[in-house]
Amino acid sequence: MTDSVLSSPLRDRIDMLRDPRLLRRALPAVSLAAILIAIFLINDRAMSYRGLDLMLKYAVPIAFATIAQMFILTVNDLDLSIGAFVGLVACIAGTWLVDQPVLCVLILAGCVASYAAVGALIHVRRLPSIVVTLGMSFVWLGIAVILMPTPGGTVPEWLKGLMSWKPPLIPFPIVACAAIALVAHVLLMESSYGAVLRGAGGNATAIDRAGWSLLRIRMSMYALAGFFGVLSGLSLIGLTTSPDAHIADRYTLLSIAGVILGGGEFVGGRVSPIGAVIGAVTLTLTGSFLIFMRISPDWQIGAQGAVLIVVLALRALIKLREGR
Amino acid sequence: MLHATEKIVSLSGMTKSFGAVRALAKVDLTVGVGECLGLVGHNGAGKSTLINLLAGTLAPDGGEIRISGQAQPAGYGVRRASALGIRCVFQELSLCPNLSVAENTRIYHKSLRGWGWRGSAAELIRRGLDEIFPGHGISPHATVGDLPIGDRQMVEIARAFTVTDSPTRLVILDEPTSSLDAVAGKQLLTYVRKLVAEGGSCLLTSHLLGDILDYCDRVVVMKDGGVVADRPAVEFDRESLVAAMGNVVSDARIKAHARVTAQRGAMPVVVKAVPKLQADQAALVAHKGEIIGLAGLAGHGQTRLLLQIFEAAGQTRADTNAAGPVALVAGDRQNDGVLHLWSIARNISVRSMRSLVNMGLIDGAAEAALASKWRERIRIRTPDIDNNILSLSGGNQQKVLFARALGSDAGIILMDDPMRGVDVGTKLEVYELIRAEAEAGRTFIWYTTEIEELNNCDHVYVMRDGQIVADIARAELTEEKVLQASFREGAQT
Amino acid sequence: MRALAARIGNKPWLLSFAGALAVWLATILFTEGKGGGQIITAALAFSTFTVIVGIGQMFVITTGPGNVDLSIPSTIALAGGVAMKIMGGQDGLIWLGLLACIGAGLAVGTFNYILIRLLKIPPIIATLSSSLIVMSVAISYGRGLQIKPPPSFADFTTAQVAGVPMLSLCAILFAMIMAVILERTVYGRATLAIGQNMRAAHLAGVKVERTRCITYLMSAAFAGLCGALLAGFSGGNALNMGEEYLLATIAVVVIGGTSVAGGRANVPGIWGAALFLYLLVTMLNTYGASAGVRLVLTGLIIIAMITLAGGDKPSR
């Protein structure tokens, strides 16, 4: 083998590091660090195993929902039903998971399948995803309301136990979020079919011409979203005592914000699973930050909006520098 | 049979209609093993349709496709074509901009999977690029969307030649040199000859007749959905090829039309622009009524300079001034020009909306009058001006974009290589119109990648690396001078 | 005959009116003709609000993919609160309250546009973030208190002429004006051009940024106005007053025949779709459906309508 052949992959790696876009890629992590540091400065007790565990508890279901949204965004669609869907999963699990676990799993599998069917409908009839998922949000919510008109239901102990598990050294939410990010990253960014899936968001015609089925791709993405939505619902009821239909209404907007915060773009298949999880964690922490600051809870959602704007402003600044 | 050699492809009786329009009528076509076949014809002659049928992206209405002698069943599609070793580089880029070069290679090759697929894909495409375009400088891990268009086209071409599980037997190159500069274009065609010499086959379409004549073994000429000539390339020359395509007038007539212009500088300056990257103070200067040519290799800052002038319309800035309204004729019709939901009429009137306003509302009658006037003047071939713009062929869509600019109040018209992929007949009509409008006092700044077109210009600027590197008056213009300026290495002046 | 079919084909919004009519007939079939008039009156009254904000949303969506105004519900909540607080229950201050609610809308619209322009982010994200902030402002400003509207204002918003609400007549006139603006003004044409291809529109001399700015200001101003009217109509402002309008505006725009891909819009369809959606819920109520069933059927029918109307067909 000649010298040039050996050195060229190395050269490419170095070129990548010199890329000015690196800063933009690091932005989600930087903003998470900034929020964490701010919290620690205000309240040093937060920087403990217990503090982190408490602050990040709800990051797990939000991270699952954000990854679900990310799959949909990859193929240039938008899911306005994920919040209602997570709520439905919570109600289904709260109704049957304890008494009839097998039935419950079958029903949840059916939910994932219907997500894939929605993807198929959108693809085959070329429908705008916003409208179809909007309609689906009514459907999910309606079924959930029929199942559970008032908050109630039971949560299996093993699920509660899992969600409040205290592993040594690192708090559970961090372990869980890292695992979610890793799994999603391997699925979408590292696997060879993942490249095809992302390609469909970048240039669907090219993928079609290369002989891939766009229908199958869209259905896969929706099924993955449904699957992560189910995981979001299950992890959510592990944290609460009584599930209800409206438990995750805010997840729709939160999940979109999380993906964008994590460096995902709205069109063109440019997404980042690791970034999305970081975005979800950042949004979760914003709430805790306000509590530590003793700011009225009225401003909690406003603060999430503000964080989103600040990060996007930073991204715009970096892009401006790239342009030069 | 005329050609006794073995055939990689033989199509017989291919028929295809789109609605009422018959795109192909019983076309026969063969490509031999070890042959480079040139396919030429006007826009709408049926070349693209034929290529799509062969590549499997369209299904024929009738006819038989034989690959290596085997008749293909009705389900012939992209997958089958690909498995049989037929690869197609389409006119519009078919890469995913959000993926890396290596990932785009993986999309093309189903067998690139499992552990280490990324490394194999990178190695595969690197070898392909090195072989066809030595010195390309493209990293396999670069994101395609971040690459300049010329590089993207190179990746696309190199990818079509890469081989994994099924060998590449026939490569279809549909206008491959349209986004490449002259050096890369030459590298590609040289590589094609090498491949053909080794027993591969190639089907090439190009509007650059020189490429067809110099690099193809045989030329098939299409017209109105049928084949009108099929002869060895050596039996053609430029004139006879153009004649075969059905054009009475050839490009050569352009030269006879060279304008006799007044002394440069007798008229007021209407545009002055220093490119952003210009190291010295050299500027593009246009006087009223002039046709200014912008030349150089593709992607060397010409379009950027045009946009710079466009944005400065009616203003005097430090580096740019443009006296009065400016209109631009886009060359990239799909991305920069056509408003695809609108009628031909609305596509023409959009630039002039503000002058059509009467009592706060757009005057419908005036709008229709404007559109029909330009339909006559520029001869847009359509039964109804209210038809959708996409009902027109590419050349006629381009005419609509000209009508949009020329029908406006703009005294300065910028043209961003507008003749890309336009047939010779349309070109000649438009050249004449441009000259007439310039006589009437309009100023044109015309970026073109075809050196012949510069013969229409009164003054030519050559750009390289974002800078103006030569400033050539009409009288001194030669092809050699333009090429020399385009390729000169930096450092010395 | 074929010409007729082609005409209907060119007017997908007729479908929404046909749907509204069908649902109404199904309802009065059940009640055996009783209350058909009242149902129409109520449908007109409630649809008015959806139409006002829906038209703003329609212009936004028409400017192209990714353009959706998600801040409409918070703007309605904020402007309703502002208007009621300023009117303070006094007839003399109605005009000031109306100015203030439109002003509040314009302020939100300006903020939205600044975000879109300066941060160069997709409008859907810009309006999402601003909606979160606006909602916090509304919560903090109103302290959750409900203020009653001045009597004349309440009368005006609920007045009827021969069974037709006054407000609906105004909204029909308003829709007609907006239809003319869409098709016959430079602004309207610019909106349609941008929605097809922003870059091409810019190169064709369309003032892209001015048009987008007007569009976002307009949408927010309409939401502001709607907030005040809604507060007047329902006897006082409430924070969750605008909640349903996020989904409702998107639904009426799409069912009404406007393309989500941008560049194609339709004003009459907004009315048809708004009536359809309201009558649909009425029908389900009449048939005695529970809240859950109502939601499920509403969702399924929205999907059925859009599937029937077809998505973005290739324009060839």
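Residues numbered from 1 in each chain as written. Chains lettered and ligands numbered in written order. Predicted model: local features only at pLDDT ≥ 70, side-chain atom pairs only at ≥ 80, totals over all residues. Heavy atoms only, no water.

*Asks:* I tried to follow the overall build of chain B on my own but got confused; where do I start?
*Replies:* Helix and strand content of chain B: 16 helices and 21 strands. Its C-alpha atoms give chain B a radius of gyration of 24 Å, near enough to 23 Å, the size a compact globule of 493 residues would have. Summarising its shape, the C-alpha atoms of chain B cover approximately 65 × 55 × 45 Å along the three principal directions. The contacts in chain B between residues at least 6 apart in sequence include a share of 66% that link residues at least 24 apart. About 19800 Å² of surface is accessible on chain B, with carbon and sulfur atoms providing 52% of the total. The positive charge centre, built from 53 side chains, and the negative charge centre, built from 56, are 3 Å apart in chain B. (Helix = DSSP H or I, 4+ residues; strand = E, 2+ residues; numbered from the N terminus. Rg over C-alpha atoms; globule rule 2.2 N^0.38 Å. Contact = heavy atoms within 4.5 Å. Areas by Shrake-Rupley, 256 points an atom, 1.4 Å probe, with all protein chains shown as cover. Lys, Arg positive; Asp, Glu negative; His and termini not counted. Charge placed at Lys NZ, Arg CZ, Asp CG, Glu CD.)

*Asks:* Would you mind going over the overall build of chain C with me for this structure?
*Replies:* Within chain C, the secondary structure is distributed over 14 helices and two strands. Once the C-alpha set of chain C is aligned to its principal axes, its extents read approximately 55 × 55 × 35 Å. Here chain C holds 316 residues, and the buried ones make up 57% of them. Expressed as a percentage of contacts within chain C between residues at least 6 apart in sequence, the contacts between residues at least 24 apart total 77%. If you sum the accessible surface of chain C, you get close to 12200 Å²; carbon and sulfur atoms cover 70% of it. Counting 19 positive and 9 negative side-chain charges, chain C places the centres of these two groups 13 Å from one another. (Buried < 20%, exposed > 50% of the residue type's maximum accessible area, 1.4 Å probe, protein only.)

*Asks:* Is there a simple way to explain the interface of chain A and chain C in this structure?
*Replies:* Taken residue by residue, the interface counts 39 residues in chain A and 42 residues in chain C. Regarding the contact of chain A and chain C, the summed buried area is about 3500 Å², with carbon and sulfur atoms giving 84% of it. Between chain A and chain C we count one salt bridge in total. Here Asp-298 of chain A ties to Arg-143 of chain C by a salt bridge, and the two come within 3.4 Å at their closest N and O atoms. Where chain A touches chain C, the interface holds four residue pairs in polar contact (both at pLDDT 80 or more). Secondary-structure elements contributing two or more residues to the side of chain A that touches chain C are helix 7 (129-147), helix 13 (251-261) and helix 15 (300-323) of chain A. (Buried area = accessible area lost by both parts, 1.4 Å probe. Salt bridge = Lys/Arg side-chain N within 4 Å of Asp/Glu carboxyl O. Polar contact = N/O pair within 3.5 Å; in protein donor to acceptor, adjacent residues only side chain to side chain.)

*Asks:* Explanation requested: the interface of chain C and chain B in the structure shown.
*Replies:* Think of interface size as the accessible area that goes away when the parts come together; that is how it is often given. Chain C puts 25 residues into the contact, and the matching count from chain B is 29 residues. Approximately 2400 Å² of surface area, both sides summed, lies buried where chain C meets chain B, with 56% of it carried by carbon and sulfur atoms. By the criterion of area lost to chain B, the three top residues of chain C are Arg-189, Gln-196 and Leu-203 of chain C, representing 30% of everything that side buries. The residue Arg-199 of chain C makes a salt bridge to Asp-336 of chain B at a minimum N-O spacing of 2.6 Å. Secondary-structure elements contributing two or more residues to the side of chain C that touches chain B are helix 8 (166-184), helix 9 (186-196) and helix 10 (198-203) of chain C. It is helix 9 of chain C that provides the largest number of residues to the side of chain C that touches chain B, a total of six residues. Per-class residue counts for the side of chain C that touches chain B are 10 nonpolar, eight polar and seven charged. (Nonpolar A, V, L, I, M, F, W, Y, C, P; charged D, E, K, R; others polar.)

*Asks:* Would you explain the pattern of salt bridges in this entry?
*Replies:* Think of it this way: side chains of opposite charge can pair up when their charged atoms draw near. Residues and elements named next belong to chain B. On inspection of all chains with the given rule, the structure shows 24 salt bridges over all chains. Of the charged contacts, one joins Glu-131 and Lys-194 as a salt bridge, the two residues approaching to 3.6 Å between their closest N and O atoms. Pair noted here: Glu-131 is in helix 4 (residues 117-132) and Lys-194 is in helix 6 (residues 182-197), with a separation of 63 residues, a long-range link. When its relative accessible area of 40% is taken as the criterion, Lys-194 is described as partly exposed. Here Glu-429 and Arg-381 are joined by a salt bridge, their closest N and O atoms 3.0 Å apart.

*Asks:* How should the pairing of strand 21 (residues 467-473) of chain B be read in this particular structure?
*Replies:* It is a general feature of regular strands that their side chains alternate between the two faces of the sheet. All names here are of chain B. Here strand 20 (residues 459-464) pairs with strand 21 via six bridges, running antiparallel. Bridge pairing links Met-463 to Ile-468 in strand 21. The hairpin formed by strand 20 and strand 21 contains two residues between the paired strands, and Asp-465 there has a positive phi angle of roughly 50°. (Pairing = 2+ DSSP bridges.)

*Asks:* Can you walk me through the environment of Ala-121 of chain B in this structure?
*Replies:* Residues and elements named next belong to chain B. By the secondary structure assignment, Ala-121 is in helix 4. Of the residues examined, Ala-121 reaches a relative accessible area of 0% and is grouped as buried. Each C-alpha atom of the pair Ala-121 and Glu-376 lies 54 Å from the other, and the pair is 255 residues apart in sequence. Setting aside chain neighbours within four positions, we find Ala-121 in contact with Ala-102, Thr-105, Arg-106 and Leu-112.

*Asks:* Can you help me understand the sheet that holds strand 14 (residues 320-322) of chain B in this one?
*Replies:* Note: strands within a sheet are paired through backbone hydrogen bonds, in either parallel or antiparallel orientation. Residues and elements named next belong to chain B. Pairing is antiparallel in the open sheet, where three strands are placed in the order 12-11-14. This sheet does not close on itself; its edge strands, each paired only once, are strand 12 (284-287) and strand 14. This sheet shows a mean twist of 15° between the axes of neighbouring strands, independent of strand direction. (Axes fitted to C-alpha atoms, helices over the stretch in contact; angles between N-to-C directions.)

*Asks:* Whenever I open this one, the packing of aromatic side chains confuses me. Can you help?
*Replies:* Pairs of aromatic rings are described using the distance from one ring centre to the other and the angle between the two planes. By the definition in use, this model includes 16 aromatic pairs over all chains. Summarising the aromatic geometry, the rings of Phe-71 of chain A and Phe-228 of chain A are spaced 5.4 Å apart at their centres and angled 55° between planes, so their arrangement reads as tilted. One end of the pair, Phe-71 of chain A, is in helix 4 (residues 59-74); the other, Phe-228 of chain A, is in helix 12 (residues 214-239), and 157 residues separate them in sequence. Here the aromatic cluster, defined as three or more aromatic residues joined through ring pairs, consists of Phe-64, Phe-71, Phe-227 and Phe-228 of chain A. A cation over a ring is seen here: Lys-110 of chain B above Trp-212 of chain A, with NZ or CZ 4.2 Å from the ring centre. (Phe/Tyr/Trp six-rings, centres within 6.5 Å; stacked < 30°, edge-to-face > 60°. Lys NZ or Arg CZ within 6 Å of the ring centre and 35° of its normal.)

*Asks:* What am I meant to see in the sheet that holds strand 19 (residues 443-447) of chain B here?
*Replies:* Residue and element names in this part refer to chain B. On the basis of which strands lie adjacent, the open sheet formed by six strands has the order 15-18-19-13-20-21 and mixed pairing. Each end of this open sheet is capped by a strand with a single partner; those strands are strand 15 (326-329) and strand 21. Neighbour-to-neighbour, the strand axes of the sheet open up by a mean angle of 20°, direction not taken into account. Bridge count between strand 18 (residues 412-416) and strand 19: five bridges; the pairing is parallel. Residue pairing across strands places Leu-414 opposite Ile-445, the latter belonging to strand 19. Most of the contacts of helix 10 (residues 302-311) go to strand 18, to which it runs at about 155°, and overall it touches strand 13 (291-295), strand 15, strand 18, strand 19 and strand 20. Contacts from helix 15 (residues 424-439) reach strand 13, strand 18 and strand 19, with the element oriented near 145° to strand 19.

*Asks:* Looking at this structure, how should I read unusual backbone geometry?
*Replies:* Both trends apply: most residues other than glycine have a negative phi, and most peptide bonds are in trans. The phi dihedral of Asn-76 of chain A is positive, around 65°, even though this residue is not glycine. Inspection of the secondary structure assignment puts Asn-76 of chain A in the loop between helix 4 and helix 5 (82-96). One non-glycine residue, Asp-417 of chain B, lies in the positive phi region at around 45°. Structurally, Asp-417 of chain B is set in the loop between strand 18 and helix 15. Here Asp-417 of chain B falls in the buried class, since its relative accessible area comes to 2%.

*Asks:* Is there a simple way to think about the side chain of Gln-72 of chain B in this case?
*Replies:* All names here are of chain B. With respect to the element layout, Gln-72 can be found in the loop between strand 5 (70-71) and helix 2 (78-83). Within the structure, the side chain of Gln-72 is placed 3.3 Å from the backbone oxygen of Gln-70, a separation counted as a polar contact. If we ignore the near neighbours within four places in the chain, the residues touching Gln-72 are Ile-65, Ile-67, Arg-80 and Leu-84.

*Asks:* Hey, could you run me through the packing of helix 4 of chain A against helix 12 of chain A in this one?
*Replies:* If you want to describe how two helices pack, look at the angle between their axes and the distance between the axes. Residue and element names in this part refer to chain A. For the pair helix 4 and helix 12, interaxial distance at closest approach is 8 Å and the crossing angle is 170°. With respect to helix 12, the element helix 4 is oriented roughly antiparallel. The residues of helix 12 that touch helix 4, namely those facing Val-60, Pro-61, Phe-64, Ala-65, Ile-67, Ala-68, Phe-71, Ile-72 and Thr-74, are Met-221, Tyr-222, Leu-224, Ala-225, Phe-228, Gly-229, Leu-231, Ser-232, Ser-235, Leu-236 and Leu-239. Per-class residue counts for the contact of helix 4 with helix 12 are 16 nonpolar, four polar and no charged. (Parallel < 35°, antiparallel > 145°, perpendicular 65-115°, else oblique.)

*Asks:* Looking at this model, I keep getting lost on the side chain of Asp-298 of chain A. Mind explaining?
*Replies:* Residue placement: Asp-298 of chain A occurs in the loop between helix 14 (273-292) and helix 15. For Asp-298 of chain A, the side chain forms a polar contact with the side chain of Arg-143 of chain C, separated by 3.4 Å. In this structure Asp-298 of chain A touches Ser-136, Ile-139, Ser-140 and Arg-143 of chain C, once residues within four positions along its chain are discounted.

*Asks:* Explain the state of the cysteines here, please?
*Replies:* By definition, a disulfide links two cysteine residues through a covalent bond between their sulfur atoms. All names here are of chain B. Scanning the entire structure with this criterion turns up zero disulfides over all chains. Free of any disulfide, Cys-202 has its nearest cysteine sulfur in Cys-36, 4.2 Å distant. Residue classification places Cys-202 among the buried residues on the basis of a relative accessible area of 1%. Note on Cys-216: no disulfide assigned, nearest cysteine sulfur contributed by Cys-36 at a separation of 3.8 Å. When its relative accessible area of 7% is taken as the criterion, Cys-216 is described as buried. (Disulfide = S-S within 2.5 Å.)

*Asks:* Even after reading the chapter, I still don't get the nonpolar core, so can you show me in this structure?
*Replies:* Side chains that are nonpolar tend, in soluble globular proteins, to be buried together. Counting 288 residues, the largest nonpolar core has Leu-284 and Ile-445 of chain B as its most contacted members. Non-local contacts of Leu-284 of chain B, meaning those with residues more than four positions away in its chain, are made with Val-271, Lys-272, Ala-273, Ile-292, Leu-294, Leu-305, Ile-309, Ile-445, Tyr-461 and Ile-468 of chain B. (Core = buried A, V, L, I, M, F, W, Y, C linked by side-chain atoms within 4.5 Å.)

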